[in-house]
Amino acid sequence: MHKTMGWILFFCVCIQAQNLEDIKKGLKGNRKDQTAAFEALLKINTHEAALVHASHFAGDNPYHRDKSYDYLLTLAESEGKWLTSLPLTEKNPYARKLFLDLLADRALAGKKDDGSTETILKLLTNEKDPVPLGATLLAAGKLKTVEALEVIRKKLSLKQARVKAYAYEAIARLEGKKALETLRDILNEKEVETLVYSAQMLAELARNFGPRRYAKEQESATSEEKNANAVDSELRGLALEVAYKIFKDAEKNNSEGWRLRSAVFQVLSTYPDPRSIEMLIQYLKTKPEGKMPSETARTLYAITNKDLGDDPKIWEGWWNANREKWEPTVWGYPVQEATVPGKSTASYYGLQIFSDRIAFVLDGSGSMSGPITVTRKSTGGSVVGPTTQTMSYLERARQELFRTLNELAKNNPKTKFQVIFFQEKLFIFSPNRLAPLKGSIPSVDKFLNKITSEQSGDMLAAIQTAMADPEVDAIFVLSDGAPSAGLHTLKDAFLKWIAEENRFRCIQFFGIIIGGSTRGKYIMLDLAKTHQGKAIEDDLVLRE
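The following paragraphs examine the structure supplied in this document. For clarity, every value in this text was computed on a predicted model and none was experimentally measured. Just so you know, the residues in each chain are numbered from 1, in the order the chain's sequence is written. Residues qualify for local features only when their pLDDT is at least 70, as the model is predicted, and side-chain atom pairs are given and counted only at 80 or more; totals for whole chains, interfaces and linings, by contrast, use all residues. Heavy atoms from the whole structure form the basis of all side-chain values; hydrogens and water molecules are not counted.

Considerations on helix 17 (residues 312–322)
Under the scheme applied here, a residue whose accessible area is under 20% of the maximum for its type counts as buried, over 50% as exposed, and between as partly exposed, the area being computed with a 1.4 Å probe on protein chains only. Where helices and strands are cited, they refer to DSSP runs of H or I of at least four residues and of E of at least two residues respectively, numbered from the N terminus. Among the residues making up helix 17, those that are buried are Pro-312, Trp-315, Trp-318, Trp-319 and Asn-322. Along helix 17, the residues classed as buried sweep out an arc of 130° about the axis, all on the same side. Relative to its buried face, helix 17 has exposed residues pointing more than 90 degrees away, namely Lys-313, Asn-320 and Ala-321. For helix 17, the capping residue at the N-terminal end is Asp-311, with a side-chain oxygen 2.9 Å from the backbone nitrogen of Lys-313. This arc is built from the directions going out from the helix axis to the C-beta atoms. For the purposes of these results, a polar contact is taken to be a pair of N or O atoms within 3.5 Å, where, inside protein, one atom must be able to donate a hydrogen and its partner to accept one; residues adjacent in sequence count only when each atom of the pair is a side-chain atom.

With respect to the side chain of Glu-169
Looking at the element boundaries, Glu-169 is found in helix 10 (residues 161–174). Classification of Glu-169 by relative accessible area gives buried; the value is 5%.

With respect to helix 16 (residues 292–304)
Owing to its 3.6 residues per turn, the α-helix aligns residues three or four sequence positions apart on the same side. Compared with the 18 Å implied by 1.5 Å per residue over 13 residues, the 18 Å span of helix 16 between its first and last C-alpha is a close match. For helix 16, a buried count of 13 out of 13 residues is recorded, marking the element as mostly surrounded by other parts of the structure. Asn-305 lies just past helix 16 and shows a positive phi near 65°. Expected helix span is computed as 1.5 Å times (number of residues minus one).

Structural notes on unusual backbone geometry
Even without a glycine there, the phi angle at Asn-432 is positive, about 75°. Topologically, Asn-432 is positioned in the loop between strand 7 (426–428) and strand 8 (435–436). Of note in the backbone geometry, Gln-532 takes a positive phi value of approximately 60° without being a glycine.

Points about the pattern of salt bridges
Counted as salt bridges are all cases of a side-chain nitrogen of Lys or Arg within 4 Å of a carboxyl oxygen of Asp or Glu. Under the criterion given, the structure shown has 30 salt bridges. Glu-295 is paired through a salt bridge with Lys-291; the nearest N and O atoms lie 3.0 Å apart. Linked through salt bridges whose partners overlap, the residues forming this network are Lys-97, Asp-101, Lys-496 and Glu-500.

Set out below in structure tokens:
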């Protein structure tokens with residue numbers, strides 16, 4: 001009986017191995033063969049199949065790449081021991097990053113596999129490529145690889161801003177006195193990306209760990225909890241010290257000072273402090289540009305729980321009356337959004353616009369040719385002619401954007417803007433830079449009327465292009481569905497890429513869902529929520 005079972009298992013393994021060889025050949029064939037082979041690959045749960053998936057994760061086909069990521073993630077959730085050796089043998093740097101991310105995610109879920117520490121230590125010593133090196137540093141922090149502290153410290157001498165940022169996060173996650181001493185080196189950093197990332201990291205750690213620990217009564221706390229409270233208290237002091245220094249240094253950086261301040265706001269919101277209130281009121285008096293007035297107002301609301309908008313005189317009056325008796329009553333961002341976050345200069349599909357450095361990213365794919373019926377509405381109150389009108393999604397998008405740009409030109413002519421339509425390729429109004437709105441209305445009208453709905457939609461490429469402009473601090477994304485071409489097309493991988501990149505950019509995202517796509521709706525909702533914006537569905541009102 002046992003021999004029979006053994007032969008059956010051996011026979012099944014041989015068949016699976018042969019199938020895998022056939023699949024590999026199919027993946028190199030024509031498109032039809034590739035699709036059939038990949039679907040077969042998804043049904044094989046072996047270490048060898050995982051390696052094939054890793055090569056597809058780093059490949060050109062977005063469907064294969066994202067499906068492979070889901071496959072590997074599912075496999076890692078059930079059995080992760082096989083993961084520990086893969087980062088050491090995989091040649092593609094992006095696949096190595098993937099395996100390290102999976103190791104780290106398992107660690108955060110409380111699953112630390114034998115061999116993980118050895119793998120991390122080897123990679124920290126030998127890895128040269130910044131992409132997997134950054135992932136190794138983050139994995140070291142999440143796995144609490146205390147043995148790696150000294151090796152990680154050495155990475156702070158590298159000239160790569162992002163690698164240093166990841167090193168600081170790894171050190172912060174290791175906690176303890178030695179880690180805190182090293183984190184003080186952030187005060188000496190000059191690179192904008194390192195500072196922006198590090199400030200947000202300190203705020204995030206505080207939100208994740210600080211409130212829970214401080215909620216413990218000191219009298220009933222164990223010695224371990226008291227030590228943790230002491231470390232958190234030092235972390236709080238360090239975070240504010242770093243935030244105040246970055247905020248002051250931002251004055252010297254005209255082009256990217258807004259990014260530094262935006263990261264600082266997250267620290268100030270997490271740690272309510274009277275010094276922050278006074279600093280922010282004084283900042284509002286300088287009449288900051290872009291999204292800074294509304295973001296300053298939201299931060300003051302988070303600290304004080306007072307919803308007073310962005311007028312410094314109102315805030316100063318309140319503070320003068322309450323300075324002596326004020327005590328923090330909230331920790332972190334309030335559950336409710338501020339109702340008066342600043343002065344709006346226009347609306348876009350009903351979303352209020354507070355910035356004057358905006359990028360509009362719009363879907364121009366074939367599905368945007370679908371019909372939609374809208375109701376006409378005049379700001380004057382009366383409508384001449386038919387009250388409803390049927391048009392394509394694309395025409396609807398064109399008309400609303402043109403109306404918004406005219407409203408901005410009237411109320412805030414110093415606005416700078418960008419418009420990007422995405423299909424499989426991109427159509428960019430002002431390549432390489434934001435365009436001044438003043439004088440641009442005729443040319444943007446011609447640009448909009450040249451766009452026709454065709455092909456699939458590479459939404460991520462359009463967002464990447466918008467994010468690359470150092471002046472852009474707010475992006476409005478409009479689509480009737482999910483991305484269908486480009487680097488990532490599945491929700492989790494798509495959102496993860498943006499989240500990782502925006503840790504260095506601090507851009508606010510807004511989403512408009514047109515046409516009612518459920519998949520597209522949840523992408524927009526998550527995108528906006530993660531990046532301090534708002535997403536809405538088209539209200540089908542044609543404003544005039």
